[in-house]
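# Residue-level structure breakdown
Single-letter residue listing:
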Amino acid sequence: VVVCSLHTVAFQTPSNMALRAKQIGRTMTFLRSIDANGYFLMGDLNIHYLAEDVVLGSNELLDCWSATHFGTGRDVDPGFTFDALGNRMIPRYIPGEVRRMRLDRIRCSEGTRFVPLRPCALWGHTPVDAARDTYLSDHYGLVIDLTAVSGGEFPRDASVRAILDANSQVDLEPY
């Protein structure tokens, strides 16, 4: 199993969106060159736009949050890891900030033999000092518990793929 932590270029611009796609694509090319049974790409991928979900499918990556929250019969929690409305530290350093985005992701390669024991969850999303509205970070972390299953596969749901494909067709959100 190969695990890669990546931090792609930030900021919400069409040119940075294209650069992030290139960075993720190059990383996946490298990861595929390693003989392994599965690949995990995680970190602050700075996925600012819904339309950037196309980067995932084009690299044969499953999104652990989407796979465990979106689709038929699921809670459809958006999983914002950057939440200026919930994390009061953000407006202190970016006055007027109100965006809510899923900048951080855990991705796994299609066909990996690991399956989730429970849905992907936010981590560090409660204040460490509530009186001062202080959090561990301006981003919330993600956690997913997995188990190896012989002959199993990380679940793929066609309705989840349809949601992500639809996201990739939306206009870029203004900032």
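The notes below deal with the structure included here. (Residues numbered from 1 in each chain as written. Predicted model: local features only at pLDDT ≥ 70, side-chain atom pairs only at ≥ 80, totals over all residues. Heavy atoms only, no water.)

### Quick look at the overall build of the chain
Counting its regular elements, the chain contains five helices and ten strands. Computed over the C-alpha atoms, the radius of gyration of the chain is 16 Å, within 12% of the 16 Å expected from 2.2 N^0.38 for a compact globule of 175 residues. Along the first, second and third principal axes, the C-alpha atoms of the chain reach 50 × 35 × 30 Å. Every one of the 175 residues in the chain was classed for burial, and the buried ones make up 43%. Considering only intrachain contacts with a sequence separation of at least 6, the fraction spanning at least 24 residues in the chain is 73%. Counting only carbon and sulfur atoms, one obtains 57% of the accessible surface of the chain, whose full area is about 9,100 Å². Averaged over its 17 positive side-chain charges, the chain has a centre that lies 2 Å from the centre of its 21 negative ones. (Helix = DSSP H or I, 4+ residues; strand = E, 2+ residues; numbered from the N terminus. Rg over C-alpha atoms; globule rule 2.2 N^0.38 Å. Buried < 20%, exposed > 50% of the residue type's maximum accessible area, 1.4 Å probe, protein only. Contact = heavy atoms within 4.5 Å. Areas by Shrake-Rupley, 256 points an atom, 1.4 Å probe, with all protein chains shown as cover. Lys, Arg positive; Asp, Glu negative; His and termini not counted. Charge placed at Lys NZ, Arg CZ, Asp CG, Glu CD.)

### Re the side chain of Arg105
Here Arg105 shows up in strand 6 (residues 104–109). Within the structure, the side chain of Arg105 is placed 3.2 Å from the side chain of Asp53, a separation counted as a polar contact. A polar contact of 2.8 Å, which involves the side chain of Arg105, links it to the backbone oxygen of Arg102. (Polar contact = N/O pair within 3.5 Å; in protein donor to acceptor, adjacent residues only side chain to side chain.)

### Some thoughts on the sheet that holds strand 6
Adjacent strands of a sheet form backbone hydrogen bonds with each other and so pair up, either parallel or antiparallel. Spatial ordering of the open sheet is given by 1-2-6-3, a layout of four strands whose pairing is mixed. Sheet topology places strand 1 (2–5) and strand 3 (61–63) at the edges, where each strand pairs with a single neighbour. Averaged over all pairs of adjacent strands, the angle between strand axes in this sheet comes to 25 degrees, irrespective of strand direction. Pairing analysis gives four bridges linking strand 1 to strand 2 (residues 39–44), with the strands arranged parallel. (Pairing = 2+ DSSP bridges. Axes fitted to C-alpha atoms, helices over the stretch in contact; angles between N-to-C directions.)

### Some words on the layout of surface pockets
In this structure, the largest pocket encloses a volume near 260 Å³. Considering the residues around the largest pocket, the lining is formed by 17 residues, among which Leu50, Phe80, Arg100, Met101 and Arg102 are closest to the centre. Grouping the amino acids of the lining of the largest pocket by side-chain chemistry returns eight nonpolar, three polar and six charged. Considering only enclosed or pocket space, the second largest pocket measures out at about 180 Å³ in volume. Surrounding the second largest pocket, 14 residues form its lining, Phe11, His48, Phe82, Ile94 and Arg99 being those nearest its centre. Of the residues contributing to the lining of the second largest pocket, the split by class is eight nonpolar, four polar and two charged. (1 Å grid on protein atoms, 1.4 Å probe; cavity = no way out; pocket = protein on both sides within 12 Å on 5 of 7 lines; lining within 4 Å. Points joined across faces, edges and corners; volume = space filled by probe spheres on them. Nonpolar A, V, L, I, M, F, W, Y, C, P; charged D, E, K, R; others polar.)

### Topic: the environment of Phe154
Locating Phe154 in the fold gives a position in the loop between strand 10 (146–148) and helix 5 (158–167). Note on Phe154: relative accessible area 1%, which makes it buried. As for Phe154 and Cys64, which are separated by 90 residues in sequence, their C-alpha atoms are 8.9 Å apart.

That's the geometry; what it means functionally is another story.
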